[in-house]
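Here's the letter readout for the chains.
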Amino acid sequence: MDGSTLVELIKPLIGKPGQVRLLFRGLSGRWTLNDDKHPLTAVRIRADGLVETLRDDGWDAFDPADVVAVEWVSREGEGGGQYL
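Residues numbered from 1 in each chain as written. Predicted model: local features only at pLDDT ≥ 70, side-chain atom pairs only at ≥ 80, totals over all residues. Heavy atoms only, no water.

Chemist: Go over the overall build of the chain, please, and point to the residues and values.
Modeler: The number of helices and strands found in the chain is 1 helix and 7 strands. When the helices and strands of the chain are listed from N to C terminus, the series reads α-β-β-β-β-β-β-β. Looking at the chain as a whole, 32% of its 84 residues qualify as buried. For the chain, the proportion of contacts with a sequence separation of at least 24, taken over those separated by at least 6, is 47%. (Helix = DSSP H or I, 4+ residues; strand = E, 2+ residues; numbered from the N terminus. Buried < 20%, exposed > 50% of the residue type's maximum accessible area, 1.4 Å probe, protein only. Contact = heavy atoms within 4.5 Å.)

What follows is the structure in structure tokens.
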């Protein structure tokens, strides 16, 4: 997936309760970027091309080219679903 596309999918979810999950090419599971206790606070594309997500308890950086899908799992009544 393109880094800009990935950032645009994640930006509207910053600060919202729920989970943002990524599905990576070649992996059989999902990677959760946050939880209800630690919502996302920022997302950006770094100078090296990796996407960086921030929470109040830390950060993650990953290659967007390996991401196949982004899934938003919201609290009940707030919508949600998969983005491809």
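Now, onward.
Chemist: Let's hear about the packing of aromatic side chains: which residues, and what values?
Modeler: Working definition: an aromatic ring pair is given by the centre-to-centre distance plus the angle between the planes. Applying the stated rule across the entire model yields 3 aromatic pairs. Residues phenylalanine 24 and tryptophan 31 carry aromatic rings whose centres are separated by 5.4 Å and whose planes lie at 40° to one another, so their mutual orientation is tilted. Seen from their ring centres, phenylalanine 24 and phenylalanine 62 are 5.9 Å apart, and the 90° between their planes marks the pair as edge-to-face. Of this pair, phenylalanine 24 sits in strand S1 (residues 18-24) while phenylalanine 62 is found in strand S5 (residues 58-62), placing the two residues 38 residues apart along the sequence. Judged on exposure class, the residue phenylalanine 24 and its partner phenylalanine 62 are both buried. (Phe/Tyr/Trp six-rings, centres within 6.5 Å; stacked < 30°, edge-to-face > 60°.)

Chemist: Tell me about the sheet that holds strand S4 (residues 51-55), and name the residues and values.
Modeler: The 3 strands lie next to each other as S3-S4-S5, forming an open sheet whose pairing is antiparallel. Both edges of this open sheet fall to strand S3 (40-45) and S5, since each of them pairs with a single strand only. Neighbour-to-neighbour, the strand axes of this sheet turn through a mean angle of 15°, independent of strand direction. Pairing analysis gives 5 bridges linking S3 to S4, with the strands arranged antiparallel. In the sheet register, valine 43 faces S4, and the bridge partner there is threonine 53. Sitting on the sheet, helix H1 (residues 3-10) is in contact with S3, S4 and S5, with an inclination near 165° to S3. (Pairing = 2+ DSSP bridges. Axes fitted to C-alpha atoms, helices over the stretch in contact; angles between N-to-C directions.)

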